[in-house]
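# Observations on the three-dimensional arrangement
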Amino acid sequence: MITIRVLPVLARHVVRTMPWATLIAGCLAGTALLVLLTYVADRDHQVLSPGVVRLGFLPAVAALAFVPRDPLRQLTQAAPAPAWLTSAGQILLAVPVLAVTCWAQLRLVDHTGPQRSALYPLLGQLTGWCALAVAAAACCDRSRYADLGGAVAAPVSLAIIALAWYSPGIDRLLLTPPASAHAETLAWYAIAAAALALGATALRDRWHRYARVLRRS
Amino acid sequence: MNMPAATRTGDVGRPGLTGAAPARPLRTVLSLAGAEAALLLRSMLVLAGLLAGGAVVWRVIWTSEPVWWNAAWQIGYGQVILAASVLAAAQLTASRARRDGMRELYDSFPVSAATRTLAHVAALAGVLPATVLLACASVALTQARGVIGTPSPAVLAAGVMLVLAAGAAGIALGTRFAHPLAGILGGMVLFVLFTQSYRLLAYPALGGLPWLFPWTIPDQLGSLPGPLAGYPPGGAHALELAGVALLAAVAALMVTKGGTRHRMRLAVTAIVAAAVIGVSVAAQLPSIPTAALNRLFSAAANPTAAQHCTTAGQVRYCLYPGFDAVLPAFQAPVSGVLSQLPVRPAPVLTIAQDTSLALDDPPLTHGHTRAQMDRWNAELQVPPPSTATAPAIYVTEGDERAARFALALGTAEWAVNLPAENSPVNPAGACVALDQAREAIAIWLAITATHASLTRGPGIQAVLVHDTQVVVWIYPGEYDNYTSAPGPQTTVAGLLLAKAMASLPEGKVERVLGASWPTWLNWHTTDAQLAAALGIPMPSVPVPASPLPPGTSPPAQAQNPLCT
Amino acid sequence: MDEMTLDTQTAAIRVDGLSRWYGATQALAEVSLALDRGITGLLGPNGAGKTTLLSVLATVAEPDTGQVSVFGLDPRDRSERVEIRRRLGYLPQELRYHRHFTVARFLDYIAILKEMTDRRQRAEEVARVLAATGLEGQARKRIRALSGGMRQRLGIAQALLGHPDLLILDEPTAGLDPEQRLRFRELLSDLPGDPLIVLSTHQADDIAAISPRVVVLLEGRVCFTGTPAELAATADGRVWASGQRDERAHLSWRGGDNLWRNVGDGPPDGAEIIPPTVEDGYLLLAHAAVTR
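Since this is a predicted model, take the numbers as computed values, not measurements.

Basis of the calculations
- Residue indices begin from 1 for each chain and proceed along its sequence in written order.
- Lettering for chains starts from A, numbering for ligands starts from 1, and both go in the order in which the items are written.
- For this predicted model, a pLDDT threshold of at least 70 governs which residues receive local features, and a threshold of 80 or more governs which side-chain atom pairs are given and counted, while totals over whole chains, interfaces and linings are taken from all residues.
- In DSSP terms, a helix is any run of H or I states spanning at least four residues, a strand is any run of E spanning at least two, and both are numbered starting from the N terminus.
- Strands were regarded as paired on the criterion that DSSP finds at least two bridges between them.
- Note on contacts: residues are paired as contacts if their backbone-placed C-beta atoms lie within 7 Å.
- Interaxial angles span 0 to 180 degrees and are taken between N-to-C directions of axes, which are lines fitted to C-alpha atoms, for helices over the stretch in contact.
- Connectivity within a nonpolar core runs through C-beta atoms within 7 Å, and the core itself is a set of buried Ala, Val, Leu, Ile, Met, Phe, Trp, Tyr and Cys residues.
- With C-beta atoms placed from the backbone, a residue is buried if 20 or more other C-beta atoms are within 10 Å of its own, exposed if 12 or fewer are, and partly exposed between those counts.
- Each angle receives one of four descriptions, namely roughly parallel if under 35 degrees, roughly antiparallel if over 145, roughly perpendicular if within 65 to 115, and oblique otherwise.
- With the far helix as reference, a near helix turned anticlockwise by less than a right angle produces a left-handed crossing, and one turned clockwise produces a right-handed crossing.
- Polar here means any residue other than Ala, Val, Leu, Ile, Met, Phe, Trp, Tyr, Cys and Pro, which are nonpolar, and Asp, Glu, Lys and Arg, which are charged; Gly is therefore polar.

On to unusual backbone geometry, then. The peptide bond linking Tyr 231 of chain B to Pro 232 of chain B adopts the cis configuration, its omega dihedral lying at -5°. Along the chain, Pro 232 of chain B turns up in the loop between helix H9 (180-195) and helix H10 (234-254). In this structure, His 451 of chain B takes a positive phi of about 55° despite not being glycine. Positionally, His 451 of chain B belongs in the loop between helix H18 (437-450) and strand E7 (460-465). The phi torsion at Asn 258 of chain C lies on the positive side, around 70°, for a residue other than glycine. Residue position: Asn 258 of chain C is located in the loop between strand E11 (251-254) and strand E12 (260-263).

Right under this line is the structure:
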């Protein structure tokens, strides 16, 4: 109930405290990179595959790792309104920015020529990447590295993405080929769901641990 | 604790200060640099970059046949990863004071911001152990892999210099941007420049410009039959990166306040850095001498003329100079096949290395006239010789170990008289040994010589032979072109029969084949006859699913000839 | 111009007509001071200009007008400014730390920034300040694991590195428990070399306990310079006790003895006048400045 009451009022502050500059800087950096690649491909009459969007989207994912951090967590955790509201709100605000970035980058790639491969595995993969960044940021915000925030979460999420991309064996599930487009999409959405669940757990009120003990006794 | 007193001006009536005399600036820089270097070396980012770089080198070196003129440059791929993480770590170091709100306190210290920045740059020596360790470990790994040639210290040094230059760039970034995302983006830019550098190879007009990138992925370095002096231009590239590091240090110090002398020193250093970069650029851009390329393309076009040949067991092995270590990789599958033959064919089989050099490699061939390029192109178009009386199998250089099965199969197909692609007997391309026992025998020989399990078939496809749909098998390495002029298309029927033969008790197949070897080599002898002789049922061949609705005629398809 | 109480020719710190603006806000207005060895307490409400004044004396901020001289050195000259910093120990008001550093590493780092390049000397100096601030047992602990009070002590410890001639401490006792505050007084009293200490605080009893000299800063101006006793004396006859709150008082609160302590300009006739404290003098000055 308090969440519902607080939400409309909190929304304005969530928007104001959102690290827009960081997120947009990351999105723009990746898009600028893709513009450059598109220009080079255009001059050579090469068709860029949608996979190149992965490269352009990585800076946006790194920037997303800076979003969920709540610098006032010590205060918000002591307030009646749930502390996760701000972080969750800012993650939600980031979604349309990331969607627009992805759309713009796909349009850039489309510009170079007709695409032959399906888009939905790529979208699943990018969704998985974003969820991993959010989970890393949420876990970091709860750890003793909270003051470093995205400086820790961003490299960690990039490392996890690199592991998923290059680890032998894992690529059979997560990359097409050898996995099928459907299998790849399902796998990445499953990863996204798991990562978001982990992130949600990390954003939770810390009192739940004590409450559980209390119930048992 | 008694400390030496120091005199002070304007300090009327006071006892001497209980503090040391002001330290010389250099000592302060070195002391601070030592503290920062220790922090940098212990940074999780640097350690993670070192591990990731090592993993990249392992993956690159272990999956290819290393030759030092390529491997030394490939070790740089791992250094790129380390450089990206060092860039991010250095940016965090340089921006630490502002990020942690310590600026005001630091401004009250006698050590100026310029001194601190200089110390940060000097602290990059702290990552030297990491990058040198990566280089040394990579060299050890490459040597363990069995590498041809000798390493180029200049190229390895360039890799180390790359890490230092990236660190200096990170310091410059950190003096301007305190946000950690700046360092992460900087590392990403370095990584992307590296991974996308190959796109520049499509522009002949750019010539040798790709070498000016922090690190590039060259096109044909691994395909060279031997080292080419000054290619890649490791020494000049190391110098370029040194100049970049110096320029980045100047950029970092420009942010700090200072008097006219400070500005003058920075200006002079910037000019020196620009000069160093200019000299190194000039050293990297010139084209490779015509004489050197003549030798190179001649060795590629006419390999046996450039190679040293040794004969063992009626097989002639021809290798480029320095490639003797590859001989066992050739001998094992070939000997494995030939040792099982009841009767050896008369001609001496030649197994030779081949290269897949092409001219559309601007960093290699830029600066030469059109006429010269046409001459080289014409030279490379002529395929290496292979006839029935002088049969030869050419294995692409760099793929010797990976080509085990392909080489064994090629040897076996020669042994059973199956014609190679584009041979005088089969000029129209790959034929299909449809329902020919000799094909199954060849595959069986290859399986037993290499102990290939072939449990995961790369795939099957259907081709037309005399208007009949035939399911053919794509054997491991077939699409990788490990051997030039490979043999016929192998059928799934032949594969399945060969696998059934391989599971028979030892000696049984040899006895059956030995009883009438010439009969089995006849192209009229069928799979069914072989199966009957061996006492095994004919395996059923899977039918590939048709993408067309029933009743629809398939579109016109090229016919494959029957091997005869 | 405000009154200067010391011989300005020989004073270690001389401030003359100092003004500083932050945008349209004037943080310091024509401040003139002369400070010599010993402890000078700087009292004032939030926004009075204490931190600004201290940061100017610490050569961290530049004045907009006026002159500053520290040990006869002019901070406008770069080499003299560096010389001042060599003799300075500074604790800013809101010091954040490199939280991943250990205590010992942090102090070692600061010692290098104070040009202590000899490793053994540095180690000895770090050990000395750790002992002086009671942090010996925390040397290997990461700063993020320290309590607020320990971090404050760490801030004091770094200011003590190098036996500074001038200690500028902005709210050094913030976050310290009563025992630590007393130990802090002991620490300042025992400092070798009798440095010049300027400390700002909201705790008037700290000033009273250790500072032979007090400067009260209000709205960017020096309103009082003198001893704590003189500051307390400004409230003579203006502090009285009563059984209930007296509406005539500027400030009135109930003490532990259940009597109301009233501070104001006009005690009623027959009121029980009680001896004023430094705090009372300061409160009356602050009230006067607000109502001016």
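This part covers the sheet that holds strand E9 (residues 483-484) of chain B. All names here are of chain B. Taken together, five strands build an open sheet; the order of strands is E3-E4-E5-E6-E9 and the sheet is mixed. The open sheet has two edge strands with one neighbour each: strand E3 (308-312) and E9. Where strand E4 (residues 315-319) meets strand E5 (residues 349-354), four bridges bridge the pair, whose relative direction is parallel. Within the sheet, the bridge partner assigned to Val 315 lies in E5 and is Leu 349. Of the strands in this sheet, E3, E4 and E5 touch helix H14 (residues 327-338), which is tilted by about 155° from E4. Contacting E5, strand E6 (392-396) and E9, helix H17 (residues 404-415) runs over the sheet at an angle of about 170° to E6.

Moving on to the nonpolar core. The nonpolar side chains of soluble globular proteins are, as a tendency, buried together. Judged by nonpolar contacts, the single largest core of 307 residues is most densely connected at Leu 64 and Ala 133 of chain A together with Ala 165, Ala 168, Ala 248 and Ala 446 of chain B. Looking at which element gives the most residues to this core, the answer is helix H3 (residues 68-94) of chain B, with 19 residues. Contacts of Ala 133 of chain A, omitting those with residues within four sequence positions, involve Val 61, Leu 64, Ala 65, Ala 153 and Ser 157 of chain A.

Glancing now at the packing of helix H3 (residues 52-64) of chain A against helix H5 (residues 84-111) of chain A. All names here are of chain A. At a minimum axis distance of 10 Å, the contact between H3 and H5 shows a crossing angle of 160°. The angle between H3 and H5 falls in the class roughly antiparallel. The way H3 lies across H5 gives a crossing that is right-handed. Residues Val 52, Val 53, Gly 56, Phe 57, Ala 60 and Leu 64 of H3 touch H5, and the partners they reach there are Ala 94, Leu 98, Thr 101, Cys 102, Gln 105, Leu 106 and Val 109. When the residues that make up the contact of H3 with H5 are grouped by side-chain class, the tally is ten nonpolar, three polar and no charged.

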